[in-house]
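So you can see what is in the structure, the chains are spelled out below.
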Amino acid sequence: MISQTYSSRKYGIIGIIVLIGLVYLTRLFLLQVPKNSYKLSAENNILRYITEYPTRGLIFDRTGKLLVYNEPAYDLLVVPGQLSDFDTTELCGLLNIDPLDFSDKLSKAKKYSNYKPSIFLEQISQEDHAFLAEKLYKYPGFYVQARSLRKYPYNTAAHTLGYIGEVTKNEVESDVYYQSGDYIGKSGIEKFYEKALRGEKGLSIKIVDVYNREKGAFREGIYDTAAIAGKSIQITLDADLQKYGEYLMQNKIGSIVAIEPASGEILAFVTSPTYDPNLLVGRIRSKNYTILSKDSLKPLMHRAIMGTYSPGSTFKIVNALIGLQEQVLYPDTKYDCQGPNSRPIKCTHFHTTPLELQGAIMHSCNPYFWKVFRSIINKPTFENTEAAYNNWKNHANSLGFGLKFHTDIPFELRGNIPASDFYNRIYGEGRWNSLTIRSLAIGQGEILVTPLQMANFTAIVANYGYYYPPHLLKSIIDQKESNNNYRQKQTTINKKYFSLIVKAMNDVVDMPHGTAYWVRIPDIPVCGKTGTVENPHGKDHSTFIAFAPKDEPQIAIAVVVENAGYGSTWAAPIASLMIEKYITKEINRKWMEDRIANANLLNRNEEKK
Amino acid sequence: MRRRSNILANLDWITIILYFTLVFLGWLNIYSAVYNEEHQSIFDVTQRYGKQLIWISASVFLIFIILFLDVKFINAFSYIFYAAGIIVLIMVLFFGKEISGSKSWFHIGSFGIQPSEFTKFVTALALAKYLSSYNINLQNLKVLFNTLIIILLPALLILLQNDTGSALVYFAFFLVLYREGLSAKLVVAGITILTLLVLTLLLNKFYIWGGLVLVFFILLFFIKRNFSNISKLFLLLLISASLVYAINYSFNHFLSPYQQKRINVLIGKDIDIRGAGYNVHQSKIAIGSGGFWGKGYLSGTQTKYDFVPEQDTDFIFCTVGEEFGFVGSLTVIGLFMLLLLRLVQLAERQKSRFSRIYGYGVISLILFHFTVNIGMTIGIIPVIGIPLPFFSYGGSSLWAFTILLFIFLRLDSFRSQLL
């Protein structure tokens, strides 16, 4: 019994043991019992939310030709919180991106979320994916997700079809359906019919282990939803006609719009210069987009709806109709013309004088229509010029000018039919009259129209006074409820006033003295009107409106070729060829086709200057 | 037969029940940690839980052998066991197999054994043998020196194997020395050094020096101010200040960056959930997400999907915390507390000094492993890779602790006689 002297030290030891036990239990209690972030972290660790992307709907033309389909592609996703050390250089090599870009993308992803996947590289082609998939196990935190790329086998109507791209921050905020990295229609059909085309995303929640291997569905998949495929769409374009129009318009700036008058369906929606829609797809998109947006010829601009032009002589028809409706003009009304010596507007055409209305249209006599316009604005039943002008404007609006159609064409412009306030502001109230605004008589001055509005007006004439708002949707395939609820719109012009106009327009093309006689089509009576639009920025725009056949018309068309000169020289033959192509499905006037297609009118502007 | 029934009657069954409970719970948790759908049978010996069952069976066999050993033989052969242990440790340095940076394994076929696990109990035996010899007093410097040699020799050899964690275990024996009369001054000095160590790692050394000077003047106020006292106190101040400098210098110059990082993460100077802190972070998520009742057996997502590394060995406690919640933690910690306190009780009732000192050796080793292992899973102590006694997967560890404990129970069954 030597060392019992220290036996009291056992209490110290017991104390240490108990103290450690209590400290640990307290720590464990604080760690485990109160609500804390650890539970959330555990879920974040194991749950991976996988969006099931539906296939996007296909797009067909009116004859059933496939315009847009999907090709499998893959997005590379990254979850920054799951990354571990890896060979950056090798991965950059695999993905074919440079290391600077790589770290840029990574920090962007980190900024978005450490735990949620964000798109690292979008739309990797099938071949590249096969290569990448083999090596991906080396890079925990990276996954691929199957998506699809839009493909355009017909390579036409780029602007009309539009393109898809990653959603912007605003789009994500304004619609809960979208998440960062999703695709959305950015323009054209893709944008307007986004909801039908996209389908509905599905969601599956998967459990993953530390190596990101899937370990099955979370709670047997009770929270999972299946993706619903997007609906396919048939549009009103005729792919062959569209492509033919693009062919004729090559190396020219301008637009062709063709409408089926009986329905308002747009048959061709050509804007030139155009681009290959396949360029704005996948990884090459942003690069190509930049190139296209910097092009001085503005190939991204859809001139058929965004190009606004003075209508020129084609607008004489409008004034004729308004004059007839207002009963200040009659078919036999004669006005004389002093040719180049006419005042206040000189005449540029040589013709007999005086002319009746039909002849005036055929010869596009400027002084005649100035007098028509004057009689509309000075009509004594109105208390003043402004009232008469507003009445005129009301007619013009009812004929589809100065307004948007609000159908299914995103980004259309309304052109310009000035309000009377505009003139009041400039000249002062009551201090302007028909003479002040005389340019409007011949479609010059402040007035601006889009090719779509011109084509629609042509359809109105073809229909003798009504139109269906021009649109692009033929049907959403497999959708029960009808989507074509575009109602017939009556204009302010009585049907009876059209027959004379139609006759006159027919003379323009089919009578030897008509301004467009040379573009007549044997066996197809065509009604047309040329326009040579003065243009302060350069050479005149060549315009032409036409419909055919004269009775029961199948196509109404407007053509604008910028800085090309006379309407009869360029726009008229283009319209004529389009009509022939659409009605007979073949071209007999090869010489005319070649002359047009081979002409390069891009630099006309510079020549004049 | 009479002799055997005598042993059984004198065995401490409370400890035995605690032992088997811990081993059984450990095995269940290893099953859960390693669980995979393809090998669902808990007896599947291709899997670790199946293997653990083999180690457990072998432990039972070991227990029987130990219980039949002559107590006098154990006492007499203490030094020889110790010497054998040291020789094996040296051999490992030459013939061992390196596993994850530590050269601490012997491989015989596919069967690996870790000698450092077994040198713990031989050191406990040698220490008990030495300190129980006639006329030994720890106040004696030569005795203290010899004692330190016994403790630190295996620690040094294990350190050479690059297994820092197992080497640190030997510091546990200071608890034994404390019980056996280590000078109170040394104990105070030890605690002071420890405090200075932690403070140095945490704070700028200039603050600590300032603090030390402040303490010096306060103490000056209380002591009898004669030349001898003042100069002693001043000397202490100088030693402490140089110690702080030395710790600081060693930390910056002798530790590898990864060791520095581990320490910094522990004391909260560094947050790094990808690198050194990853284990601890995931471990805390596992335990924290368990809640009060736990997620249920085999339902721990952290465990099941391998987010916690080493979850069947060093981080086995995560499985307990995640699947059985606070209730499970309370149970396991309670069981260890009961075991340790029971062992204190047993140690104190020994007539033989040898048995008592050995008993405290057992206590200090289990306490150290328990404290460090659970402490690291809940982020109180740095990640030092040592197993949780009886719980963690592994034959060497289980056998070593079984032998350690049952030698003591064998000694205890013989407690009425002096050795």
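1. Remarks on the sheet that holds strand β17 (residues 541-548) of chain A
All names here are of chain A.
So, point 1. One open sheet holds the five strands; their spatial order is β12-β11-β18-β17-β16, and the pairing between them is antiparallel. Every other strand in the sheet has two partners, leaving β12 (265-272) and β16 (527-533) as the edge strands with one partner each. Geometrically, the sheet is characterised by an average inter-axis angle of 5° between neighbouring strands, direction not taken into account.
So, point 2. Each of β11 (254-260), β12, β17 and β18 (555-561) touches helix α20 (residues 571-584); the most contacted strand, β18, lies at about 145° to it.

2. A short note on the interface of chain B and chain A
So, point 1. In this complex, chain B contributes 52 residues to the contact, which on the side of chain A involves 40 residues.
So, point 2. Interface of chain B and chain A: buried area, both sides summed, is about 4000 Å²; carbon and sulfur atoms make up 69% of it.
So, point 3. Of all residues in chain B, Tyr178, Tyr305 and Phe326 of chain B bury the most surface against chain A, accounting for 15% of the area lost on that side.
So, point 4. The tally of links between chain B and chain A comes to zero salt bridges.
So, point 5. Counting across the interface, chain B meets chain A through eleven residue pairs in polar contact (both at pLDDT 80 or more).
So, point 6. For the side of chain B that touches chain A, the leading source of residues is helix α16 (residues 316-348) of chain B, giving twelve residues.

3. Some words on helix α13 (residues 315-325) of chain A
All names here are of chain A.
So, point 1. In terms of burial, α13 is largely enclosed, as ten of its eleven residues are buried.
So, point 2. All buried positions along α13 are accounted for by Phe315, Lys316, Ile317, Val318, Asn319, Ala320, Leu321, Ile322, Gly323 and Leu324.
So, point 3. Contacts from the buried residues of α13 go to α14 (357-363), α15 (366-377), α16 (385-398), α18 (451-462), α19 (498-510) and β16.

4. Re the pattern of salt bridges
Residue and element names in this part refer to chain A.
So, point 1. Within the structure shown, the criterion is met by 26 salt bridges over all chains.
So, point 2. As a salt-bridge pair, Arg62 and Glu265 come within 3.0 Å of each other at their nearest N and O atoms. Of the two residues, Arg62 sits in the loop between β2 (59-60) and β3 (66-78) while Glu265 sits in strand β12, which places them 203 residues apart along the sequence. Glu265 matches Arg62 in its accessibility class, with the two residues each being buried.

5. Quick notes on the nonpolar core
So, point 1. Counting residues in hydrophobic clusters, the biggest one holds 130 residues, and the most contacted among them are Phe269, Leu357, Trp392, Val461 and Ile501 of chain A.
So, point 2. Three or more residues apiece are contributed to this core by two domains, here domain 1 (47-235) and domain 2 (239-280 + 300-470 + 487-608) of chain A.
So, point 3. Beyond its immediate stretch of four places on either side in the chain, Val461 of chain A contacts Ile317, Leu321, Phe498, Ile501, Val502, Met505 and Phe547 of chain A.
So, point 4. By size, the runner-up hydrophobic cluster in this structure holds 119 residues, among which are Tyr82, Val362, Leu365 and Phe391 of chain B.

6. Things to note about the pairing of β3 of chain A
Residues and elements named next belong to chain A.
So, point 1. Bridge count between β2 and β3: two bridges; the pairing is antiparallel. Across the sheet, the residue bridging to Phe60 is Leu66, located in β3.
So, point 2. Counting the residues in the hairpin turn of β2 and β3 gives five residues, including Gly64, whose phi is positive at 95°.
So, point 3. Inspection of the sheet shows β3 paired to strand β4 (residues 118-124) by four bridges, in the antiparallel sense. The partner of Leu77 across the bridge, within β4, is Ile119.

7. Some details on a nonpolar patch on the surface
Residues and elements named next belong to chain B.
So, point 1. On the surface, a nonpolar cluster with roughly 640 Å² of combined accessible area is contributed by Leu194, Leu197, Val198, Leu199, Leu202, Leu203 and Tyr207.
So, point 2. It is helix α10 (residues 184-202) that provides the largest number of residues to the nonpolar patch, a total of five residues.
So, point 3. Note on placement: Leu194 falls in helix α10.

8. A closer look at the domain arrangement of chain A
In many analyses, interface size is given as the accessible surface area lost on bringing the parts together.
Residue and element names in this part refer to chain A.
So, point 1. Partitioning chain A into domains gives domain 1 (47-235) and domain 2 (239-280 + 300-470 + 487-608).
So, point 2. Here domain 1 and domain 2 have C-alpha centroids that lie 46 Å from each other.
So, point 3. Tallying the contact residues gives 20 residues for domain 1 and 26 residues for domain 2.
So, point 4. Here domain 1 and domain 2 share an interface that buries about 1900 Å² over both sides, 55% of which is from carbon and sulfur atoms.
So, point 5. The largest share of the area that domain 1 buries against domain 2 comes from Arg62, Asn155 and His159, three residues that together contribute 34% of it.
So, point 6. The interface formed by domain 1 and domain 2 contains three salt bridges.
So, point 7. In this structure, Glu260 and Arg62 form a salt bridge, with 3.4 Å as the shortest nitrogen-oxygen distance.
So, point 8. The interface formed by domain 1 and domain 2 includes eleven residue pairs in polar contact (both at pLDDT 80 or more).
So, point 9. Looking at the side of domain 1 that touches domain 2 residue by residue, the class counts come to eight nonpolar, six polar and six charged.

9. Quick notes on unusual backbone geometry
So, point 1. In this chain, Ser272 of chain A is followed by Pro273 of chain A through a cis amide linkage whose omega measures 0°.
So, point 2. Along the chain, Thr353 of chain A connects to Pro354 of chain A via a cis peptide bond; the corresponding omega equals -5°.
So, point 3. Within the secondary structure, Pro354 of chain A is located in the loop between α13 and α14.
So, point 4. Not every positive phi belongs to a glycine, and Asn96 of chain A is a case in point at roughly 60°.
So, point 5. Mapped onto the secondary structure, Asn96 of chain A falls in the loop between α3 (88-95) and α4 (99-112).
So, point 6. Of note, Phe390 of chain B is a non-glycine position whose phi angle comes to about 70°, a positive value.
So, point 7. Take Phe390 of chain B: it is sitting in the loop between α17 (353-377) and α18 (395-412).

10. What about the domain arrangement of chain B?
Residues and elements named next belong to chain B.
So, point 1. Along its sequence, chain B is carved into domain 1 (2-182 + 255-412) and domain 2 (183-254).
So, point 2. Taking only C-alpha atoms, the centre of domain 1 and the centre of domain 2 are 34 Å apart.
So, point 3. Counting residues at the interface gives twelve residues for domain 1, matched by eleven residues for domain 2.
So, point 4. Carbon and sulfur atoms supply 64% of the area buried between domain 1 and domain 2, which totals about 930 Å² over both sides.
So, point 5. The interface formed by domain 1 and domain 2 contains zero salt bridges.
So, point 6. Between the two partners, domain 1 and domain 2, sit zero residue pairs in polar contact (both at pLDDT 80 or more).
So, point 7. No other element matches helix α13 (residues 257-266), which puts three residues into the side of domain 1 that touches domain 2.
So, point 8. The residue makeup of the side of domain 1 that touches domain 2, split by class, is six nonpolar, five polar and one charged.

11. Some points on α20 of chain A
Residue and element names in this part refer to chain A.
So, point 1. Across its 14 residues, α20 extends 20 Å between first and last C-alpha, which sits within 8% of the 20 Å expected from 1.5 Å per residue.
So, point 2. All buried positions along α20 are accounted for by Ala571, Ala572, Pro573, Ile574, Ala575, Ser576, Leu577, Met578, Ile579, Glu580 and Tyr582.
So, point 3. At its buried positions, α20 is contacted by α10 (239-248), β11, β12, β17, β18 and α21 (590-598).
So, point 4. Looking one or two places after α20, you find Lys585, whose phi comes out positive at around 65°.

About the criteria used
- Residues numbered from 1 in each chain as written.
- Chains lettered and ligands numbered in written order.
- Predicted model: local features only at pLDDT ≥ 70, side-chain atom pairs only at ≥ 80, totals over all residues.
- Heavy atoms only, no water.
- Pairing = 2+ DSSP bridges.
- Helix = DSSP H or I, 4+ residues; strand = E, 2+ residues; numbered from the N terminus.
- Axes fitted to C-alpha atoms, helices over the stretch in contact; angles between N-to-C directions.
- Contact = heavy atoms within 4.5 Å.
- Buried area = accessible area lost by both parts, 1.4 Å probe.
- Salt bridge = Lys/Arg side-chain N within 4 Å of Asp/Glu carboxyl O.
- Polar contact = N/O pair within 3.5 Å; in protein donor to acceptor, adjacent residues only side chain to side chain.
- Buried < 20%, exposed > 50% of the residue type's maximum accessible area, 1.4 Å probe, protein only.
- Core = buried A, V, L, I, M, F, W, Y, C linked by side-chain atoms within 4.5 Å.
- Domains from an automatic or database assignment.
- Patch = residues over 30% accessible without salt bridge, like charges linked within 9 Å, V, L, I, M, F, W, Y side chains within 5 Å.
- Areas by Shrake-Rupley, 256 points an atom, 1.4 Å probe, with all protein chains shown as cover.
- Nonpolar A, V, L, I, M, F, W, Y, C, P; charged D, E, K, R; others polar.
- Expected span 1.5 Å × (residues − 1).

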